[in-house]
Amino acid sequence: AILKFNRRRSRHTMGRRAPEGLKMRIVLAVLGTLVSTTAFAHTGAHHTAGIVHGFMHPVGGLDHVLAMIAVGILAYVAGGRALWALPLSFMAAMLAGGALGISGIELPLVETGIGASIIAIAGLAAFGAPLPLMATAPLVAFFGLFHGFAHGAEMPLDASGLSYAAGFLAATGLLHFAGIAGSVAVAKSAGANGRLAARVASGAVALAGAGVMSGAI
């Protein structure tokens, strides 16, 4: 009888959904793997130079850094599929925007779009991610297009487009990773009010974005 009970309990446990903490660790591991694979996809001095230039462009601008960290925070606050869907939506659109920038096609209001992305994305997280994923992901992707265009438009003439794109994708993935991991750390330190603490932190990012847009920062 004890053996039968243990078998039933084992089957019941296997049928449960993975705990939220386990899903979070899986997402962080996948993001880390994607970033490392992208960054080292090419070898050689020419490709390395392109990767370095591409990597430094997102991390060298406060507006890019804030927006990409905000995507990570929003992904954490929204939870569930948003943990991977929002970062990937941003990065896919950013890649498309990068292609536009490299090709020389004009995109209006790029700087305005980049600044507004910080306020909009961080603001959504601060308000508890009120929109469904089907609306949030396209919005995040829309803003990713502006960031990608800015990266592509400033690619050095002697850089390889693929290597340069690999560089800014790697940097963006790391910043998304930082946003998610930082939110996890803040939430753990705040205990029962963890999600609220992450929302407050995102509010601070949105205020910083307003400062960037106004020129105060």
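The rules behind these values
Residues numbered from 1 in each chain as written. Predicted model: local features only at pLDDT ≥ 70, side-chain atom pairs only at ≥ 80, totals over all residues. Heavy atoms only, no water. Buried < 20%, exposed > 50% of the residue type's maximum accessible area, 1.4 Å probe, protein only. Helix = DSSP H or I, 4+ residues; strand = E, 2+ residues; numbered from the N terminus. Axes fitted to C-alpha atoms, helices over the stretch in contact; angles between N-to-C directions. Parallel < 35°, antiparallel > 145°, perpendicular 65-115°, else oblique. Left-handed = near helix turned anticlockwise from the far one by under 90°. Contact = heavy atoms within 4.5 Å. Nonpolar A, V, L, I, M, F, W, Y, C, P; charged D, E, K, R; others polar. Expected span 1.5 Å × (residues − 1). Patch = residues over 30% accessible without salt bridge, like charges linked within 9 Å, V, L, I, M, F, W, Y side chains within 5 Å. Areas by Shrake-Rupley, 256 points an atom, 1.4 Å probe, with all protein chains shown as cover. Salt bridge = Lys/Arg side-chain N within 4 Å of Asp/Glu carboxyl O. Core = buried A, V, L, I, M, F, W, Y, C linked by side-chain atoms within 4.5 Å.

Asks: Can you help me understand unusual backbone geometry in this one?
Replies: Peptide bonds are, in most cases, trans, and in most cases residues other than glycine have a negative phi. Phi is positive for Leu109, which is not a glycine, with a value near 55 degrees. For Leu109, a relative accessible area of 63% gives the class exposed. Unlike most non-glycine residues, Ala129 shows phi in positive territory, near 50 degrees. Here Ala129 shows up in the loop between helix 6 (110-126) and helix 7 (133-153).

Asks: How do you make sense of the packing of helix 8 (residues 161-190) against helix 9 (residues 194-214) when you look at a structure like this?
Replies: Here helix 8 crosses helix 9 at 130 degrees, and the two axes come no closer than 7 Å. Judged by the inter-axis angle, helix 8 sits oblique to helix 9. The element helix 8 and its partner helix 9 pack so that their crossing is right-handed. On the side of helix 8, the interface is formed by Ser183, Val186, Ala187 and Ala190, while helix 9 contributes Gly194, Arg195, Ala197 and Ala198. Here the residues of the contact of helix 8 with helix 9 sort into five nonpolar, two polar and one charged.

Asks: Please explain helix 9 as it appears in this structure.
Replies: Each α-helix winds once per 3.6 residues, and so residues spaced three or four apart point in a common direction. Over its 21 residues, helix 9 runs 31 Å from end to end, which matches the ideal 30 Å to within 8%, given 1.5 Å per residue. Turning to helix 9, its buried residues number three or more, namely Gly194, Ala197, Ala198, Ser202, Gly203, Val205, Ala206, Ala208, Gly209 and Gly211. Tucked inside the fold, the buried residues of helix 9 contact helix 4 (62-78), helix 6 and helix 8. A positive phi of about 85 degrees marks Gly215, the residue just after helix 9.

Asks: So what exactly am I meant to see when it comes to the environment of Ala125 here?
Replies: Along the chain, the position of Ala125 falls in helix 6. In the structure, Ala125 is positioned 81 residues away from Ala206 in sequence and 9.3 Å away in space, judged by C-alpha atoms. With near-sequence residues (within four places) excluded, Ala125 lies in contact with Ile73, Leu74, Val77, Arg199 and Ser202.

Asks: Would you mind showing me how to read a nonpolar patch on the surface here?
Replies: The grouping of Val52, Met56 and Val59 at the surface amounts to a nonpolar patch, some 240 Å² of accessible area in total. You can see Met56 is positioned in helix 3 (residues 45-59).

Asks: Just to check I follow, could you spell out the nonpolar core for this structure?
Replies: Soluble globular proteins tend to bury their nonpolar side chains together. Counting residues in each nonpolar core, the largest one holds 46 residues, and the members touching the most others are Leu74, Val77, Leu86, Val110 and Val205. For this core, the secondary-structure elements that each account for two or more residues are helix 4, helix 5 (82-103), helix 6, helix 7, helix 8 and helix 9. Top contributing element to this core by residue count: helix 4, with 11 residues. Leave out the neighbours within four places in its chain, and Val77 touches Ala125, Gly128, Ala129, Arg195, Ala198 and Arg199.

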